[in-house]
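Observations on the three-dimensional arrangement
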Amino acid sequence: QGHANGQISLGNMYAIGLGVTKDDRQAAAWFQKAAEQGYAEAEYMLGECNRLAWGMPKDNTKAVGWYAKAAEKGLAKAQCLLGACCSNGWGVPQDDVKAAKLYQFAAEQGYALAQYELGRCYVGGLGVEKNSSLAVEYCRRAAQQGYALAQHQMGNFYHDGLGVPQDEKEAVRYYELAAAQGL
C-alpha cells in the first residue's frame, strides 16, 4: 500500500513538474494509490484528474464518486466541488437543493469559494429561498478572505442596494478590491 502522505506529495510533484518532469499520468497514479487508502486529499485530487482529464480519460461520474468520498470525510473543497457538480449536472443529475447543502457544509468551514457560491444561491433562490441578507452575509465572508468574485459581488450589492443600503462609495471600494486582483 505505501505511505499515503508520501504518495500524495509525489502526485503533486508530478502534477506540477517540481523536481521531476511534469507527468499527469504519474500524478494520477500516485493520487490513486493514496486515494485507495482513504486519504481525503488524494480522493479529491483523483476526482480532479477524472473531471479535468489529467492523466486519464475525462469521466465526471468517477470524479463525483471521488469527490463524494472526500466530502464525506469533511474536506471543504471536495464538498464545494461536489456542490458545483450538482449545480451544473456534471456526472450527476442537476440538483440545486443538494448543491446548496454542500456549499453550506463547506462554507461553515470557512471555505471562501463555497461562501461565495452559497451567497449566489441565496441571490437567485437556487436550492434555497431567496434571501438577500444571507446572500450578503456569505459573500461578505468570502470577500473578507480576499476572494475577488465575492468582492465584485459585494460591489454589486452596494451599487444595487440589494441586502444592504445603496452606497456607491462602498460599491467602488469593493470593485477596487476585485480589480486589484485582475477581475
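In this report, the structure presented in the accompanying data block is examined.

Cut-offs used in this document
Residues numbered from 1 in each chain as written. Predicted model: local features only at pLDDT ≥ 70, side-chain atom pairs only at ≥ 80, totals over all residues. Heavy atoms only, no water. Core = buried A, V, L, I, M, F, W, Y, C linked by side-chain atoms within 4.5 Å. Buried < 20%, exposed > 50% of the residue type's maximum accessible area, 1.4 Å probe, protein only. Helix = DSSP H or I, 4+ residues; strand = E, 2+ residues; numbered from the N terminus. Contact = heavy atoms within 4.5 Å. Salt bridge = Lys/Arg side-chain N within 4 Å of Asp/Glu carboxyl O. Axes fitted to C-alpha atoms, helices over the stretch in contact; angles between N-to-C directions. Parallel < 35°, antiparallel > 145°, perpendicular 65-115°, else oblique. Left-handed = near helix turned anticlockwise from the far one by under 90°. Nonpolar A, V, L, I, M, F, W, Y, C, P; charged D, E, K, R; others polar. Polar contact = N/O pair within 3.5 Å; in protein donor to acceptor, adjacent residues only side chain to side chain. Phe/Tyr/Trp six-rings, centres within 6.5 Å; stacked < 30°, edge-to-face > 60°.

What follows concerns the nonpolar core. Here is a general trend for soluble globular proteins: nonpolar side chains tend to be buried in one another's company. Counting 55 residues, the largest nonpolar core has Phe-31, Tyr-44, Tyr-67, Tyr-103, Leu-118, Met-154 and Phe-157 as its most contacted members. Counting residues per element, this core draws most heavily on helix H5 (residues 76-88), which supplies eight residues. Beyond its immediate chain neighbours, meaning those up to four positions away, Tyr-44 contacts Tyr-67, Ala-70, Leu-75, Lys-77, Ala-78 and Leu-81.

Turning to the pattern of salt bridges, a few remarks are in order. Under the defined criterion, the tally for this structure stands at eight salt bridges. Where Glu-117 meets Arg-120, a salt bridge forms, and the shortest distance between an N and an O atom there is 2.9 Å. Residue Glu-117 and its partner Arg-120 are located together in helix H7 (residues 112-124), separated by three residues, close to a single helical turn. A relative accessible area of 16% places Glu-117 in the buried class. Residues Arg-141 and Glu-137 are paired through a salt bridge, measuring 2.5 Å at the closest nitrogen-oxygen approach. Taken together, the residues span about one helical turn, with Arg-141 and Glu-137 both in helix H8 (residues 132-144) at a distance of four residues. Overall, Arg-141 belongs to the partly exposed group, its relative accessible area being 28%. A relative accessible area of 33% means that Glu-137 is categorised as partly exposed. Through salt bridges with shared partners, one network takes in Glu-108, Glu-137 and Arg-141.

It is worth spelling out the packing of helix H3 (residues 40-52) against H5 at this point. In contact at an axis separation of 9 Å, H3 and H5 are set at 30 degrees when each is read in the N-to-C sense. With respect to H5, the element H3 is oriented roughly parallel. Helix-helix and strand crossings are classified by hand; for H3 and H5 the assignment is left-handed. Contacts between H3 and H5 pair Glu-41, Tyr-44, Glu-48 and Arg-51 from the former with Lys-77, Ala-78 and Leu-81 from the latter. The residue inventory of the contact of H3 with H5, partitioned by class, reads three nonpolar, no polar and four charged.

With that out of the way, let us pick up the environment of Asp-59. Summarising the element assignment, Asp-59 is placed in the loop between H3 and helix H4 (60-72). Residue classification places Asp-59 among the partly exposed positions, given a relative accessible area of 25%. Note: C-alpha distance between Asp-59 and Ile-16 (43 residues apart in sequence) is 21 Å. The contact partners of Asp-59, leaving out residues within four places of it in the chain, are Asn-50 and Arg-51. A distance of 3.1 Å separates a polar side-chain atom of Asp-59 from the backbone nitrogen of Thr-61.

The way to describe two aromatic rings as a pair is by their centre distance and the angle between their planes. For the coordinates displayed, the defined rule picks out four aromatic pairs. Centre to centre, the rings of Tyr-44 and Tyr-67 are 5.9 Å apart; their planes meet at 40 degrees, and the pair counts as tilted. Here Tyr-44 is found in helix H3, whereas its partner Tyr-67 is found in helix H4, with 23 residues between them in sequence. For Tyr-44, a relative accessible area of 10% corresponds to the buried category. Relative to Tyr-147, the ring of Tyr-116 lies with its centre 5.5 Å away and its plane at 50 degrees, an arrangement referred to as tilted. Remark: Tyr-147 occurs in the loop between H8 and helix H9 (148-160) and Tyr-116 occurs in helix H7; sequence separation between them is 31 residues.

Another aspect to go through is unusual backbone geometry. Residues other than glycine seldom take positive phi values, yet Ala-53 does so here, at roughly 60 degrees. Mapping Ala-53 onto the fold places it in the loop between H3 and H4. Among the residues examined, Ala-53 registers a relative accessible area of 38% and is labelled partly exposed.

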